[in-house]
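Take a look at the letters that make up each chain.
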Amino acid sequence: DLAEKGSLPLHATFFQGRYEGESREDRDELFSQLAQHEYLINLQEQLKGMELKFKYPLLDRSNILLTCVDIPKSLVQVRTELTRIYQAHGLNLSKNYHNILHITAARITKLPTEDRKEKLNFYVSEMRELRQEISRNPLLLVTDAPYIGPNRGVIISRIQQDGESL
């Protein structure tokens with residue numbers, strides 16, 4: 001499972017329900033049932049082609065995020081309905097997905113051991129430039145078919161920059 005190996009493709013998770021049981025078989029069965037839920041089947045078409053602009057880089061602990069600040073009302077409505085469905089199936093919900101939409105663009109995995117202050121100042125300077133550049137030229141994500149599966153929430157992806165898929 002890619003989520004467990006930490007090698008997910010570039011994506012935006014717009015909602016997540018966590019299975020907190022011990023059995024992989026039970027988890028997989030639950031998500032298989034959810035994948036057959038009429039609302040989730042229709043959701044595939046409802047979300048396809050939605051455009052989201054990721055405009056601002058944000059540092060969150062060791063994660064470098066790209067954030068979408070204009071979350072479409074239709075996506076907020078989807079989150080509300082998914083909350084109802086996921087709770088009915090006993091999934092624990094992440095409260096982090098109610099008013100934010102982001103892409104994890106990078107993760108800092110280790111800090112330099114030498115010239116730390118100089119390197120930190122350089123990093124801050126580069127991040128400021130990057131923030132200005134991305135805010136002027138936002139990254140456009142066009143949603144594709146959402147993924148619904150174990151421990152992965154609902155993932156939407158297909159990044160476009162200047163009209164070309166990345």
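Residues numbered from 1 in each chain as written. Predicted model: local features only at pLDDT ≥ 70, side-chain atom pairs only at ≥ 80, totals over all residues. Heavy atoms only, no water.

*Asks:* Any details on unusual backbone geometry? Residues and values, ideally.
*Replies:* Phi is positive for Arg 61, close to 55°, though the residue is something other than glycine. Relative to the assigned elements, Arg 61 resides in the loop between β4 (56-60) and β5 (63-68). Phi is positive for Asp 115, which is not a glycine, with a value near 50°. Structurally, the position occupied by Asp 115 is in the loop between β7 (101-107) and α5 (116-136). (Helix = DSSP H or I, 4+ residues; strand = E, 2+ residues; numbered from the N terminus.)

*Asks:* Kindly report on helix α3 (residues 38-47), identifying the contributing residues and their values.
*Replies:* Residues of α3 that are buried include every one of Leu 40, Leu 43 and Leu 47, and no others. Seen from one end, α3 has its buried residues packed into an arc of 40°, which puts them on one side. Opposite its buried face, α3 presents the exposed residues Glu 38 and Glu 45, each directed more than 90 degrees away. Immediately downstream of α3, the backbone of Gly 49 shows phi near 90°, a positive value. (Buried < 20%, exposed > 50% of the residue type's maximum accessible area, 1.4 Å probe, protein only. Arc of directions from axis to C-beta.)

*Asks:* Tell me about the environment of Ile 108, and please be specific about residues and values.
*Replies:* Along the polypeptide, Ile 108 turns up in the loop between β7 and α5. A relative accessible area of 30% means that Ile 108 is categorised as partly exposed. Taking the C-alpha atoms as reference points, Ile 108 and Leu 59, 49 residues apart in sequence, are found 9.9 Å from one another. Setting aside anything within four residues of it in sequence, one finds Ile 108 in contact with Leu 59, Ser 62 and Tyr 123. (Contact = heavy atoms within 4.5 Å.)

Such coordinate-based values are descriptive only and should not be taken to indicate function.
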